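Listed below, chain by chain, are the residues.
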Amino acid sequence: MTKPQFSLVRRTAAVAALTGLCTLGAVLPAGAATPAPSRTAPLSLPFPVGEYPVGAAPLHLVDRGRADSWRPELPVRELAATVYYPAAPTGGCRDRAPYMLPGAAAHFDAVTANSYLGLGTPAGTDWAGTATHACQDAPAAATGGPHPVLVYSPGLGEPRSWATTLVEQLAAHGYVVVTLDSTYEAPEVEFPDGRVATNVPYADPAAFITKSLAVRTADTRFLLDELTRLAAGRNPDADGRPLPARLSGALDLDRIGMFGHSLGGTAAADTMAADPRVRAGVDLDGNLTNFDGSLMPVAEHGLDRPFLLVGTDNPDGADTAPGFAAFRANTPGWTRQLQLRGAAHASFTDAEVLLPQLGLDRAELTSRLGTLPPAAALRTERAYLAAYFDHWLRGGDSCLLDGPSPAYPAMGFVG
């Protein structure tokens, strides 16, 4: 595949890869079916820079009012999420939040990384051992809250952990960020009892994309309902797992934003169109056109709330152009289109910081991440995401969004 990540939804070959290469719609018991990594790689994420340490807590959510959209024989919809939040200083963290749980990490290594995402990573990479900077179940910060809440939606074929670098940074900067997988569309979702749910089969890529967006929107709206319960002091975890101290008081649900990569960015726009609770959104290199090239409804009608479009100048990103242009023309609310020059589709994910640690040669890295140095890409992405959400959810200065900045020469403004 020419584009390593297939979440730009018009890529037929990439979408079709899911049909023949995945363990379709399966639920794998703990420790079964997927071989354990045979070797390890000492991977780590960049340290988040901000006012707060970062805490993380998993949530197992069950929507008992909805049969599973992908497997209708299941009477409820089961989801996995992780809440990242500003934490209290702990003087040291004994338990770091896992990057991936072991079963999900084994499936990611055996199937997702190369068969779906085309990353070219060595077999046996220890994804579960990747070092994060979030302290598992740390008490939430006692000051500075409640904090704006952001929802992150990953690209098609990507797990929710595949943007932990950006998510941890936003949490350190004072946001509660909730990452959400769409079970049975996501490549692998591991639940607390060790079951690993993998993606379902399909025959029609266009119908699959349309359904994926509808299901993600419903999943996100349910998540917001559950976060409302959490903020009211109730525990939405289906297993009754204790929540971190003060977490319920950390969420300001009057200030909700959403962002996502690729299909996740498309889902952010679709969710905003369906749910007025989401006040601001960001699409990181996700199409607003259907599989056949026609405009999606959100591109035809636009949004009445702020929405930021971020793409690349990579020729493989050209298929976002029609949808982005139509969205901007039809949006009565604030919108801006930015272009991260020299980046590639995967540059908005943890591939940017993890692939260079895996010994790939320069040509391989360039084909997957573009020509922009990873440090510059990460620094620029962090700055613009924070500036955007600070402005629309905190009333901060919007100067970085007003025009090109010499401090971030890789970020171009379109139109």
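Treat the numbers as computed from the prediction; the structure is a model and nothing was measured. (Residues numbered from 1 in each chain as written. Predicted model: local features only at pLDDT ≥ 70, side-chain atom pairs only at ≥ 80, totals over all residues. Heavy atoms only, no water.)

**Quick word on the overall build of the protein chain**
Right, on to step 1. For the protein chain, the count of helices and strands is 10 helices and 13 strands.
Right, on to step 2. Within the protein chain, the fraction of its 415 residues that count as buried is 60%.
Right, on to step 3. If you take every contact in the protein chain between residues at least 6 apart in sequence, the share linking residues at least 24 apart comes to 79%.
Right, on to step 4. When the accessible surface of the protein chain is split by element, carbon and sulfur atoms take 55% of a total near 14,700 Å². (Helix = DSSP H or I, 4+ residues; strand = E, 2+ residues; numbered from the N terminus. Buried < 20%, exposed > 50% of the residue type's maximum accessible area, 1.4 Å probe, protein only. Contact = heavy atoms within 4.5 Å. Areas by Shrake-Rupley, 256 points an atom, 1.4 Å probe, with all protein chains shown as cover.)

**What to know about unusual backbone geometry**
Right, on to step 1. For the bond from glycine 145 to proline 146, the omega torsion is 0°, close enough to zero to count as cis.
Right, on to step 2. Summarising the element assignment, proline 146 is placed in the loop between strand E4 (134-136) and strand E5 (147-153).
Right, on to step 3. Unusually for a residue other than glycine, aspartate 285 sits at a positive phi of about 65°.
Right, on to step 4. Relative to the helices and strands, aspartate 285 is located in the loop between strand E10 (278-284) and helix H6 (297-301).
Right, on to step 5. Take aspartate 285: its relative accessible area is 1%, and that puts it in the buried class.

**Thoughts on the state of the cysteines**
Right, on to step 1. Throughout the structure, instances matching the rule amount to 1 disulfide.
Right, on to step 2. Here cysteine 93 engages in a disulfide with cysteine 135; their sulfurs sit 2.2 Å apart. With the S-S dihedral at roughly 100°, the linkage between cysteine 93 and cysteine 135 falls on the right-handed side. Of this pair, cysteine 93 sits in the loop between strand E3 (77-86) and helix H2 (102-116) while cysteine 135 sits in strand E4; the two residues are 42 residues apart in sequence, bridging distant segments of the chain. (Disulfide = S-S within 2.5 Å.)

**Here we look at the packing of aromatic side chains**
Right, on to step 1. For the coordinates displayed, the defined rule picks out 13 aromatic pairs.
Right, on to step 2. Between tyrosine 384 and tyrosine 408 the ring centres are 5.6 Å apart and the planes differ by 80°, which places this aromatic pair in the edge-to-face class. Of this pair, tyrosine 384 sits in helix H10 (residues 374-394) while tyrosine 408 sits in the loop between H10 and strand E13 (411-413); the two residues are 24 residues apart in sequence, bridging distant segments of the chain. Considered together, tyrosine 384 and tyrosine 408 belong to a single accessibility category, that of buried residues.
Right, on to step 3. An aromatic cluster of at least three residues, connected via ring pairs, comprises Tyr152, Tyr175, Phe259, Trp334, Tyr388, Phe389 and Trp392.
Right, on to step 4. The cationic tip of arginine 394 hangs over the ring face of tyrosine 175; the distance from NZ or CZ to the ring centre is 4.4 Å. (Phe/Tyr/Trp six-rings, centres within 6.5 Å; stacked < 30°, edge-to-face > 60°. Lys NZ or Arg CZ within 6 Å of the ring centre and 35° of its normal.)

**Some remarks on the confidence of the model for the protein chain**
Right, on to step 1. Per-residue confidence for the protein chain averages 90 on the pLDDT scale, and 89% of its residues sit at or above 70.
Right, on to step 2. Below pLDDT 50 for its whole length, residues 28-41 participates in 32 contacts with residues either more than four positions away or in separate chains. (pLDDT = per-residue confidence, 0-100.)

**A look at the pairing of strand E6 (residues 176-180)**
Right, on to step 1. Across the 5 residues of E6, 5 count as buried, placing the element largely inside the fold.
Right, on to step 2. In E6, alternate side chains face the same way, and those of Val176, Val178 and Leu180 on one face and Val177 and Thr179 on the other are all buried.
Right, on to step 3. Across 4 bridges, the pairing between E3 and E6 is antiparallel. If you follow alanine 81 over to E6, its bridge partner there is leucine 180.
Right, on to step 4. Judged from the 4 bridges that link them, E5 and E6 form a sheet pairing that is parallel. (Pairing = 2+ DSSP bridges.)

**Considerations on the packing of helix H3 (residues 164-172) against H10**
Right, on to step 1. Interaxial distance between H3 and H10 falls to 10 Å at its minimum, and their mutual angle equals 45°. Compared by their axis directions, H3 and H10 come out oblique. Note on packing geometry: the crossing formed by H3 with H10 is right-handed. Contacts between H3 and H10 involve Thr165, Leu166, Gln169 and Leu170 from the first element and Leu378, Glu381, Arg382, Leu385 and Ala386 from the second.
Right, on to step 2. In terms of residue class, the contact of H3 with H10 is built from 5 nonpolar, 2 polar and 2 charged. (Axes fitted to C-alpha atoms, helices over the stretch in contact; angles between N-to-C directions. Parallel < 35°, antiparallel > 145°, perpendicular 65-115°, else oblique. Left-handed = near helix turned anticlockwise from the far one by under 90°. Nonpolar A, V, L, I, M, F, W, Y, C, P; charged D, E, K, R; others polar.)

**Examining the nonpolar core**
Right, on to step 1. Residues Trp127, Trp162, Phe259, Val282 and Phe389 are the most contacted members of the largest nonpolar core, which totals 62 residues.
Right, on to step 2. Take this core: its biggest share by element is 9 residues, from H10.
Right, on to step 3. Here tryptophan 127 is in contact with Leu43, Tyr99, Met100, Ala105, Phe108, Asp109, Ala113, Thr121, Trp162, Leu354 and Leu358, once residues within four sequence places are set aside.
Right, on to step 4. Ranked by size, the runner-up nonpolar core spans 56 residues in total, among them Ala81, Ala186, Leu223 and Phe307. (Core = buried A, V, L, I, M, F, W, Y, C linked by side-chain atoms within 4.5 Å.)

**Overview of the side chain of glutamate 381**
Right, on to step 1. Residue placement: glutamate 381 occurs in helix H10.
Right, on to step 2. The charged side chain of glutamate 381 is buried without a salt bridge, its nearest counter-charge being arginine 382 at 7.7 Å. (Lys, Arg positive; Asp, Glu negative; His and termini not counted. Salt bridge = Lys/Arg side-chain N within 4 Å of Asp/Glu carboxyl O.)

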